[in-house]
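Structural overview
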Amino acid sequence: MAIAPSYSGKSQPWQYATIRTLFWELTKGVMYLQTLHLRNFRNYRDQFVDFTAQKTILIGNNAQGKSNLLEAVELLSTLKTHRTSRDADLVQKEAAIASLQARISRSYGVAELNAVVRSRGRRTFSLNGETLRRHIDALGTINAVQFSCLDLDLVRGGPDNRRNWIDGLLVQLEPIYAHVSQQYQQVLKQRNALLKKMRKLDRDGEVIPQESRQELLLWDTQLAAAGSRVTRRRSRGLERLLPLAQAWHRDISGDTEHLTITYNPNVSWTEDDPHKVQQAFLEKIEQRRTAEKHQGSSMVGTHRDEIDFEINGTPARFYGSQGQQRTLVLALKLAELQLIEEIIGEPPLLLLDDVLAELDPSRQNQLLDTIQSRFQTLITTTHLNSFAADWLKHSQILTVEQGRLQNFS
Ligand SMILES: Nc1ncnc2c1ncn2[C@@H]1O[C@H](COP(=O)(O)OP(=O)(O)O)[C@@H](O)[C@H]1O
Ligand SMILES: [Mg+2]
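Residues numbered from 1 in each chain as written. Chains lettered and ligands numbered in written order. Predicted model: local features only at pLDDT ≥ 70, side-chain atom pairs only at ≥ 80, totals over all residues.

1. Thoughts on the nonpolar core
Counting residues in hydrophobic clusters, the biggest one holds 78 residues, and the most contacted among them are Val73 and Ala331. Here the element with the most residues in this core is helix H10 (residues 322-344); it accounts for ten residues. Residues within four places of Ala331 in sequence aside, it is in contact with Ala245, Trp248, His249, Ile252 and Leu259. Counting residues in hydrophobic clusters, the runner-up holds 13 residues, among them Leu223, Val267, Val277 and Phe281. (Core = buried A, V, L, I, M, F, W, Y, C linked by C-beta atoms within 7 Å. Buried ≥ 20, exposed ≤ 12 C-beta atoms within 10 Å, placed from the backbone. Helix = DSSP H or I, 4+ residues; strand = E, 2+ residues; numbered from the N terminus. Contact = placed C-beta atoms within 7 Å.)

Structure, rendered in structure tokens:
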């Protein structure tokens, strides 16, 4: 019995408890999500999940709750979900509060992470029973790399897709980046509000007060300071990721394609020195002063950074087939897994949402070979025929139906 409708912790038969303890003993020392308990989260009313194998396959028809379950793990891992920015969407329709509770073993011990999400109001996080005053302290408890069929937007979509992607990775590599990036967003928002106010005064033919001009100079400095932290970290992260992604890409494409990833920051700089980078920001802000005045918003900064993927010298978004774009995304995801493992020292979780069916057999094998038993993996699928028999044998298979999980039989 892998699943109990509600967690009591008492009613396990002893054999089961022993097997489970043994399994947990074996997974000690690496990151392992042991259990997850969702209440009023999306279409789950009250669902306890016990992850009894390194690989869990969630099988079910569309709109049953497969992606919702991965989303819960993503939320606990990154404090964000790629599907919504509104907490109200996460809470079950008739409820006001959702709770997510995870038990995770790490090299340093077992952690209990708890999140309460409200349809109105702030979230609450607690770690090992203690409420976290700063939410970002919940980051780093669970590391996960998500790979879904939507990820082709990384190649085809606008630059914000790629900025969100690198930012998401950086948060996992160094949780403090969440704070850095938040600070930048705050400065940007306030600076934009001021620019807008100044533009309005100007348009109304009024004189812009001296204080506003002074205030803008203050925001310039702050934008340069926060922006310099963001751009330097993005650059370093991409630099470390590049050789890994290139190696994977070479492997998957059978040596025929060469991948380059180029970071094109809106404010360019050459020397990784905080003062020089800030100076570059201030100079560019000065150059764009008049344009910003007309536009009424910030035209200089890391919110305009671009990351370019090129295959054999051609921008990937214009290059070749969907299959080639999938190869690129797959290479990026495998590189992320590897980089997080290198830096954190433990293999992250891998969340595969509907992607297996989208990959051709050779790319599927590449992915499955890489995962092997190295990464705890949660996979959603509508059918099992893409999986090798050996894989199925070693996986926990759960069916998902209307927000309820059951052992597959
Ligand atoms: N806040 C919510 N409350 C109740 N049901 C929800 C909520 N958000 C999403 N759902 C339901 O979840 C289902 C979609 O789940 P999802 O995990 O995306 O499906 P899939 O199994 O195809 O991955 C839909 O039926 C949707 O109505
Ligand atoms: Mg889905």
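2. Let's talk about the sheet that holds strand S10 (residues 306-311)
Spatial strand order, S9-S10-S11: three strands in an open sheet with antiparallel pairing. Every other strand in the sheet has two partners, leaving strand S9 (259-264) and strand S11 (314-315) as the edge strands with one partner each. Set on the sheet, helix H7 (residues 210-252) makes contact with S9 and S10; between it and S9 the angle comes to about 170 degrees. (Pairing = 2+ DSSP bridges. Axes fitted to C-alpha atoms, helices over the stretch in contact; angles between N-to-C directions.)

3. Some remarks on the site of ligand 1
Neighbouring ligand 1 are 16 residues; Asn43, Ala63, Lys66, Ser67 and Asn68 lie closest to it. Looking at which element gives the most residues to the shell around ligand 1, the answer is helix H2 (residues 66-78), with three residues. Residue classes in the shell around ligand 1 are distributed as three nonpolar, nine polar and four charged. (Near = placed C-beta within 6 Å. Nonpolar A, V, L, I, M, F, W, Y, C, P; charged D, E, K, R; others polar.)

4. Topic: the domain arrangement of the chain
For interface size, the figure often reported is the accessible area lost on association. Domain boundaries assigned for the chain yield domain 1 (1-143 + 346-409) and domain 2 (150-340). Once you take the C-alpha centre of each, domain 1 and domain 2 turn out to be 31 Å apart. Listed per partner, the contact involves 15 residues of domain 1 and 14 residues of domain 2. At four residues, the largest contribution of residues to the side of domain 1 that touches domain 2 is made by helix H11 (residues 361-371). Of the residues that constitute the side of domain 1 that touches domain 2, the class distribution is seven nonpolar, five polar and three charged. (Domains from an automatic or database assignment.)

5. Topic: the environment of Phe375
If you trace the backbone, Phe375 turns up in the loop between H11 and strand S13 (377-381). With 65 residues separating them along the chain, Phe375 and Glu310 place their C-alpha atoms 29 Å apart.

6. What to know about the confidence of the model for the chain
On average, residues of the chain score 91 in pLDDT, and 93% of them are at 70 or above. Note on residues 1-14: pLDDT under 50 across the span, and 18 contacts to partners over four residues away in sequence or across chains. (pLDDT = per-residue confidence, 0-100.)

7. Some remarks on the packing of helix H6 (residues 176-203) against H7
Relative to each other, H6 and H7 sit at 150 degrees, their axes nearing to 9 Å. As the angle between them shows, H6 and H7 are arranged roughly antiparallel. Seen from above, H6 lies across H7 with left-handed handedness. Contact residues: Tyr177, Val180, Ser181, Gln183, Tyr184, Val187, Leu188, Gln190, Arg191, Leu194 and Met198 in H6; Ser212, Glu215, Leu216, Trp219, Gln222, Leu223, Ala226, Gly227, Arg229, Val230 and Arg233 in H7. Here the residues of the contact of H6 with H7 sort into twelve nonpolar, six polar and four charged. (Parallel < 35°, antiparallel > 145°, perpendicular 65-115°, else oblique. Left-handed = near helix turned anticlockwise from the far one by under 90°.)

8. A short note on the sheet that holds strand S8 (residues 144-148)
The six strands lie next to each other as S8-S12-S13-S3-S14-S15, forming an open sheet whose pairing is mixed. Either end of the sheet is taken by a strand with one partner, and the two such strands are S8 and strand S15 (404-407). Neighbour to neighbour, the strand axes of the sheet diverge by 20 degrees on average, direction disregarded. Bridge count for strand S14 (residues 395-401) against S15 is four bridges, and the pairing is antiparallel. The residue of S15 that forms the bridge with Val400 is Leu405.

9. Points about H7
End to end, H7 covers 60 Å across 43 residues, agreeing with the expected 63 Å (1.5 Å per residue, within 8%). In the stretch just after H7, Gly254 is the one whose phi turns positive, near 65 degrees. (Expected span 1.5 Å × (residues − 1).)

10. A closer look at the packing of H10 against H11
As a packed pair, H10 and H11 sit with axes 11 Å apart at the nearest point and diverge in direction by 5 degrees. With respect to their mutual orientation, H10 and H11 come out roughly parallel. Contact residues: Arg326, Thr327, Leu330 and Leu334 in H10; Arg363, Leu367 and Thr370 in H11. Classifying every residue of the contact of H10 with H11 gives three nonpolar, two polar and two charged.

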